[in-house]
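Below are the chains, spelled out letter by letter.
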Amino acid sequence: MTMETTPKQSWWNRIAHPGQFVTWTRPLLWPLTVLTALLFLAGLYFAFFNSPEDYQMGDTVRIMYVHVPNAWLSQFVYGVMTVSALGTLVWRHPMADVSMKAAAPLGAMFTALALFTGALWGRPTWGTFWEWDGRMTSTLVLLFIYLGIIVLWRAFDDQLRAARVIAVFTLVGAINIPIIKFSVDWWSTLHQPASVFRADGPRMPGSILTPLFVMFFAFTFLFLVLHLKAMHTEVKRRRVMTLQRKAAQGVGA
Amino acid sequence: MTPRQVFPPLTVRTDGLVCGRGGMALTQELTVSVTSGQCLLLRGPNGSGKTTLLLTLAGVIAPLAGSFALEGADREERWLHYCGHRNAIKPRLSVIENLDFWRAVNGGTGEPTAAALAEVGLAALGSLDAGYLSAGQTRRLALARLLVSYRPLWLLDEPTAALDVEGHELVTRLIDRHLDMGGAAIAATHDPITLPDPGRMETLVLGARA
Amino acid sequence: MTPRQVFPPLTVRTDGLVCGRGGMALTQELTVSVTSGQCLLLRGPNGSGKTTLLLTLAGVIAPLAGSFALEGADREERWLHYCGHRNAIKPRLSVIENLDFWRAVNGGTGEPTAAALAEVGLAALGSLDAGYLSAGQTRRLALARLLVSYRPLWLLDEPTAALDVEGHELVTRLIDRHLDMGGAAIAATHDPITLPDPGRMETLVLGARA
Amino acid sequence: MTAFRAMLVRELRLALRGGGDMLTLVLFFVIVGAIVPFAVGPDRELLARIAPGMVWIAAFLAMLLGLDRLFRPDHEDGSLILLRQADLSLSAVVAAKLIVHWAVSALPLIVASPFLAMLLAMDLDTFWRTLVSLALGTPALAAFGAVGAAVTVSIRRGGLIAPILIAPLSIPVLIFGTGSITASQSSAALLFLAALSLMAVALAPFAAALAISSGED
Amino acid sequence: MTAFRAMLVRELRLALRGGGDMLTLVLFFVIVGAIVPFAVGPDRELLARIAPGMVWIAAFLAMLLGLDRLFRPDHEDGSLILLRQADLSLSAVVAAKLIVHWAVSALPLIVASPFLAMLLAMDLDTFWRTLVSLALGTPALAAFGAVGAAVTVSIRRGGLIAPILIAPLSIPVLIFGTGSITASQSSAALLFLAALSLMAVALAPFAAALAISSGED
Ligand code: HEM
Ligand SMILES: Nc1ncnc2c1ncn2[C@@H]1O[C@H](COP(=O)(O)OP(=O)(O)OP(=O)(O)O)[C@@H](O)[C@H]1O
Ligand SMILES: Nc1ncnc2c1ncn2[C@@H]1O[C@H](COP(=O)(O)OP(=O)(O)OP(=O)(O)O)[C@@H](O)[C@H]1O
Ligand SMILES: [Mg+2]
Ligand SMILES: [Mg+2]
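In this text the structure is predicted, and so the values were computed from the model without any measurement.

What counts and what doesn't
Residues numbered from 1 in each chain as written. Chains lettered and ligands numbered in written order. Predicted model: local features only at pLDDT ≥ 70, side-chain atom pairs only at ≥ 80, totals over all residues. Heavy atoms only, no water. Helix = DSSP H or I, 4+ residues; strand = E, 2+ residues; numbered from the N terminus. Buried < 20%, exposed > 50% of the residue type's maximum accessible area, 1.4 Å probe, protein only. Contact = heavy atoms within 4.5 Å. Areas by Shrake-Rupley, 256 points an atom, 1.4 Å probe, with all protein chains shown as cover. Buried area = accessible area lost by both parts, 1.4 Å probe. Salt bridge = Lys/Arg side-chain N within 4 Å of Asp/Glu carboxyl O. Nonpolar A, V, L, I, M, F, W, Y, C, P; charged D, E, K, R; others polar. Donors = N, O, S within 2.8 Å, 3.2 Å for Na, K, Ca; no water. Polar contact = N/O pair within 3.5 Å; in protein donor to acceptor, adjacent residues only side chain to side chain. Least-squares fit on C-alpha atoms with pLDDT ≥ 70 in both. Expected span 1.5 Å × (residues − 1). Arc of directions from axis to C-beta. Pairing = 2+ DSSP bridges. Axes fitted to C-alpha atoms, helices over the stretch in contact; angles between N-to-C directions. Near = heavy atom within 4 Å. Patch = residues over 30% accessible without salt bridge, like charges linked within 9 Å, V, L, I, M, F, W, Y side chains within 5 Å.

1. Looking at the overall build of chain A
No. 1: From N to C terminus, chain A includes seven helices and zero strands.
No. 2: Considering chain A as a whole, with its 253 residues, one finds that 53% of them fall into the buried category.
No. 3: Considering only contacts in chain A between residues 6 or more positions apart, those separated by 24 or more positions represent 80%.
No. 4: Of the roughly 11900 Å² of accessible surface on chain A, 70% is carried by carbon and sulfur atoms.

Shown next as structure tokens:
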């Protein structure tokens, strides 16, 4: 990763240099962490003490405050990856591939959480952990795509080279995800599963919406913090690797 | 039989080009230029970065720093032949089929297939499965690829590898003719190539093995 | 450091050996014998059957006529090293892992891995993925295989291919030492190999290309 | 002989002279069909019900078999580097490979499908619909396969990764493929299928070419 | 380090490095399993019925996918010639390759089978039977595959022979495999599977070694 760092650039070019990126963004890390913590405190308070039980689901409705934000993030993160992929391919921005790589495991995690909480939720409401309901299914497929990308990252031994290739695949995936969602919905309406709780069925009173939104921001900020942290570690990892290589060859000289 | 000066005058110029593998520099900053009718010999111990440099010029590996450019050739048409360690010869295709394919794909601006085969001394084996060829014969077939379509710049990676004495002369003859036609060549080699006119040759020695 | 005369005296004797490919004879009837401390150089143009002959002696290709035998070595233990055009080096295994594997599989009677690597000049690259090695470095690694387990007879197919000048000397040195130890070698080569004591070398020129 | 045709001919020759790949495909395809009855038991109308799905799964899995041979050999013997220098654009190269890949891996399946239909006790009408849906859908499968193969070609052992990448992308094909056979609004499904194939085949060459050229040697 | 262990370690490293690692392998099966409902529809008890067949087909596919990489790389880079000169007997070499091939293409399936069971709505009993039948049957598949692969590399045009060789041998394994899960007298089927695997694994190394060493380079 080499770029001619001409002095006095725009912020864009400044963060283009990995080292500078780290120094510039590290100050952001702590405030963001604190903010996230606060949001979670507020959200959890609302969720547990300040929102009514659901008339038919009882307390299990509270799972929703975790489930929905995760479900949303599972798609949001892929959006982040798509933008990063564009950044890698079009603008060849050096930090773009770092961000792309850092986002993948997070996306997988949030998607898995959405599935998990959903499954937990499904047990009391549907009497089964897994139902081939459209939205759940497309989330599952999304998880597979995330895992595929992670596997891809692990498989390349030259990360710089990997970035552009994986960017291509990420974009292909981005084009396909809507198609997949659509097809899966078509499919699940084709053979309607027995008794699916239509998630958006009961209209939600404000008392449910407020905590939902707070949690929603809490999780989004959580992602931002983790993403930033992961990018920093990735930059460090690459530095170490090049140093090791240099050392390995230095011996021979 | 080959027309003289078929290529427009051209110059390959690198400035501050640093190539390397896996993010590590192998060469120091190279600022060289090769013009029509010149052949640059890359010498240097094993692992000194000859192949890497050639691949960089071929656009396969991104340079670590600096840049290179070809002046005088028009952008749109492909302007180089790369002949690497691996011969890109397909078993299960006959010798002629192999060559015909590359001739068609690279734009058959050069000699006809049969002539090229005769030139490299494979005339008799045209219909043999290329997988049966001996090491040197395979190399000769790879060289024939340079003849069936004219490109101004040749990047040769150890062109004489596995070739017999007569084959060494063949390579010198081919390069010489290519230079006559106004082409340029960059050849990485261990055993010395000497053109009839030494003035046409320059030698670039790459650093000792890192 | 290497013991002198570790091998029992032995002789490779062929009588009326005709080898060829696809049912076609490539060589005339060969009746040669190579004994301990001798090196037979196979010369000849591309496609003249050097590799074929070596593969025949290695028992990979059945001779068209005649026979060959190794006298003096006991039947049960493997008695030859073959080092062919292809290097049998695995990417995704580090240099050391590659060599260690062959050492274990061929019975590690020879030098320890590290020593062999240092010998061929790859000491610094031991932990590198072998797929990253340059052509010459790969060749050197293939040669190191001959050192990690002693076998009386070496069949070398263009051992100096892709090697730099210093590498040529390396090959001569290795062969010479092998002969010192009472081994025998048959080497097909295009660029001349000259041992310090020319009396140890014989040359067999195979027929012109069919 | 134009460059593109030369590319086609070469790929075709290599594929046909290579030997068993096509045979393996067809046999695998048929074997899948042969196994299912043992799994679900002799219940004919149940068989007939799952038959379309089985055909499509078999087709999908069979198409995975040939993938590793799409770019890897050219990558390993250095041809890919040279093809990047060719007058023919890399995407055209991929297109040619795509066409041939479809011809040697999907066509045989379509030819073999009567056996499958027999084994799975399809009625004639279903069978015809199956043929049509296969013909319309397999190009998309091939295209996604090509992308997956291109992305993994510079990995030294891409073997199993490609299928993992391809499978999620192929799900719509499977859904609409089976849907176009069984579902009530099958014509709509057929349309989707055709559209999907068109889009995939149109985009795949460029995506694959980009992946190949950015994964350096 | 004994020669045989060295061989095992080498094969394992080659298999697991560069994209072949366990996550990939397991993921592969999970995804193949997850594909099925999209084709046949999410009907739970229907899924449950075809699950055994699907699992076995996935196993078969994985075996086939890995086969090409069993001997060909060693054949093409010249390792096979050298292995013929090794102190280790060629049949031992094949045995090592066979073991590793099974380990990387059958074991992951067994690891992944709980997920498959969930996705395909198997009940616990069926699940256990599936595990047992897989553990007993897959060695046979691997062994037959190895012989076929050996023939492919050693004989020119061997590509045609291999599938014809593998298919008929594998079909009984698949049939009894699925049978042992669904059928009433499953114990008999299991016995047969075990016997088949034993025989195949015992004979395959020698057959394959013979094929390789008799095949000219
Ligand atoms: C594995 C199981 C499940 C998965 C993968 C899943 C996935 C999703 C997804 C992808 C969304 C959409 C989020 C968005 O549109 O941004 C969502 C929203 C939602 N889900 Fe689930 N879900 C699951 C189970 C459930 C269950 C069992 C319930 C209720 C009993 C449920 C109730 C909801 C609700 C209320 C929403 C928010 C309303 C809406 O976005 O329309 N989900 N879930
Ligand atoms: N990913 C990598 N990490 C570290 N070193 C690498 C990597 N890839 C290649 N190398 C090193 O870079 C060098 C490649 O050199 P190159 O192949 O250009 O040598 P060469 O001059 O062609 O040698 P030869 O004369 O043997 O062909 C080798 O020393 C190799 O060890
Ligand atoms: N199946 C076959 N049918 C006909 N001819 C064949 C067949 N296989 C190989 N040949 C021919 O046999 C010869 C093989 O020669 P061999 O590889 O031994 O040459 P060599 O002396 O090693 O040449 P080099 O110096 O290039 O390595 C080649 O001329 C090749 O064309
Ligand atoms: Mg080189
Ligand atoms: Mg030879």
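And the narrative resumes.
2. Here we look at the interface of chain D and chain E
No. 1: Counting residues at the interface gives 39 residues for chain D, matched by 41 residues for chain E.
No. 2: Both faces considered, chain D and chain E share a buried interface measuring about 3800 Å² in area, 78% of it formed by carbon and sulfur atoms.
No. 3: Linking chain D to chain E there are three salt bridges.
No. 4: D68(E) is the salt-bridge partner of R69(D), the closest N and O atoms lying 3.7 Å from each other.
No. 5: Residue assignment for the side of chain D that touches chain E shows that the elements contributing at least two residues are helix 2 (21-40), helix 3 (44-66) and helix 9 (161-182) of chain D.
No. 6: In terms of residue count, the dominant contributor to the side of chain D that touches chain E is helix 2 of chain D (11 residues).
No. 7: In terms of residue class, the side of chain D that touches chain E is built from 27 nonpolar, six polar and six charged.

3. So, the coordination of the magnesium ion (ligand 5)
All names here are of chain C.
No. 1: Coordination sphere of the magnesium ion (ligand 5), protein contribution only: T51 (OG1) and H85 (NE2), at 1.9 to 2.2 Å. Of this pair, T51 sits in helix 1 (residues 50-57) while H85 sits in the loop between strand 7 (80-83) and helix 2 (95-105), placing them 34 residues apart in sequence.
No. 2: We classify T51 as partly exposed; its relative accessible area is 22%.
No. 3: We classify H85 as partly exposed; its relative accessible area is 30%.

4. Concerning the side chain of D77(E)
No. 1: Mapping D77(E) onto the fold places it in the loop between helix 3 (44-76) and helix 4 (79-85).
No. 2: Looking at D77(E), its side chain comes within polar contact range of the side chain of S79(E), at 2.6 Å.
No. 3: Excluding residues that lie within four positions of it along the chain, D77(E) makes contacts with R86(C), N87(C), A88(C), I89(C) and K90(C).

5. Regarding the relation of the copies chain D and chain E
No. 1: For the pair chain D and chain E, the relating rotation is 176°, the translation along its axis is 1.4 Å, and the fit reaches an RMSD of 1.6 Å. The two molecules are tied by a two-fold rotation axis, judged by turn and shift. Minimal C-alpha distance to the rotation axis in chain D is attained by L65(D), lying at 3.3 Å.
No. 2: In this assembly, 92% of the residues forming the interface of chain D have copies in chain E that are likewise at the interface, indicating an isologous arrangement.

6. Regarding helix 1 (residues 3-16) of chain E
No. 1: With 14 residues, helix 1 of chain E should cover 20 Å at 1.5 Å per step; its first-to-last C-alpha distance of 20 Å lies within 8% of that length.
No. 2: Along helix 1 of chain E, the positions that sit buried rather than exposed are A3(E), A6(E), M7(E), R10(E), E11(E), L14(E) and A15(E). Down the axis of helix 1 of chain E, the buried side of the element spans an arc of 160°, and every buried residue falls inside it.
No. 3: On its buried face, helix 1 of chain E sits against helix 2 of chain C together with helix 3, helix 4 and helix 5 (90-105) of chain E.

7. What to know about the environment of G110(C)
Residue and element names in this part refer to chain C.
No. 1: One can find G110 in the loop between helix 2 and helix 3 (113-120).
No. 2: We classify G110 as buried; its relative accessible area is 14%.
No. 3: Filtering out sequence-adjacent residues up to four positions away, G110 remains in contact with R103, L147, V148, S149 and Y150.

8. Here's the deal with the sheet that holds strand 5 (residues 39-43) of chain B
Residue and element names in this part refer to chain B.
No. 1: Here five strands make up an open sheet; going across it, the order is 7-8-9-5-10 and the pairing parallel. The open sheet has two edge strands with one neighbour each: strand 7 (80-83) and strand 10 (201-205). The mean inter-strand angle of the sheet, taken between neighbouring strand axes irrespective of direction, is 15°.
No. 2: Bridge analysis of strand 8 (residues 153-157) against strand 9 (residues 184-188) gives five bridges, and the strand direction is parallel. Each residue of the ladder has a partner; that of W154, found in strand 9, is A185.

9. Regarding the site of ligand 3
No. 1: Taken together, 19 residues are adjacent to ligand 3, and S134(B), G136(B), K50(C), T51(C) and T52(C) come closest.
No. 2: Ligand 3 sits at a junction of chains, with neighbouring residues supplied by chains B and C.
No. 3: One of the side-chain nitrogen or oxygen atoms of Q137(B) is found 3.1 Å away from an oxygen atom of ligand 3.
No. 4: Protein contacts shield 92% of the accessible area of ligand 3, which totals 650 Å² for the unbound molecule.
No. 5: Within the residue set of the shell around ligand 3, elements represented by two or more residues are helix 4 (135-148) of chain B together with helix 1 of chain C.
No. 6: The class makeup of the residues in the shell around ligand 3 is four nonpolar, 12 polar and three charged.

10. Digging into a nonpolar patch on the surface
Residues and elements named next belong to chain A.
No. 1: A surface patch of nonpolar side chains, about 500 Å² in accessible area, is lined by M109, L113, F116, L120, F129 and L226.
No. 2: In terms of residues, the nonpolar patch owes the most to one element, helix 4 (residues 94-126), which gives four residues.
No. 3: Along the polypeptide, F116 turns up in helix 4.

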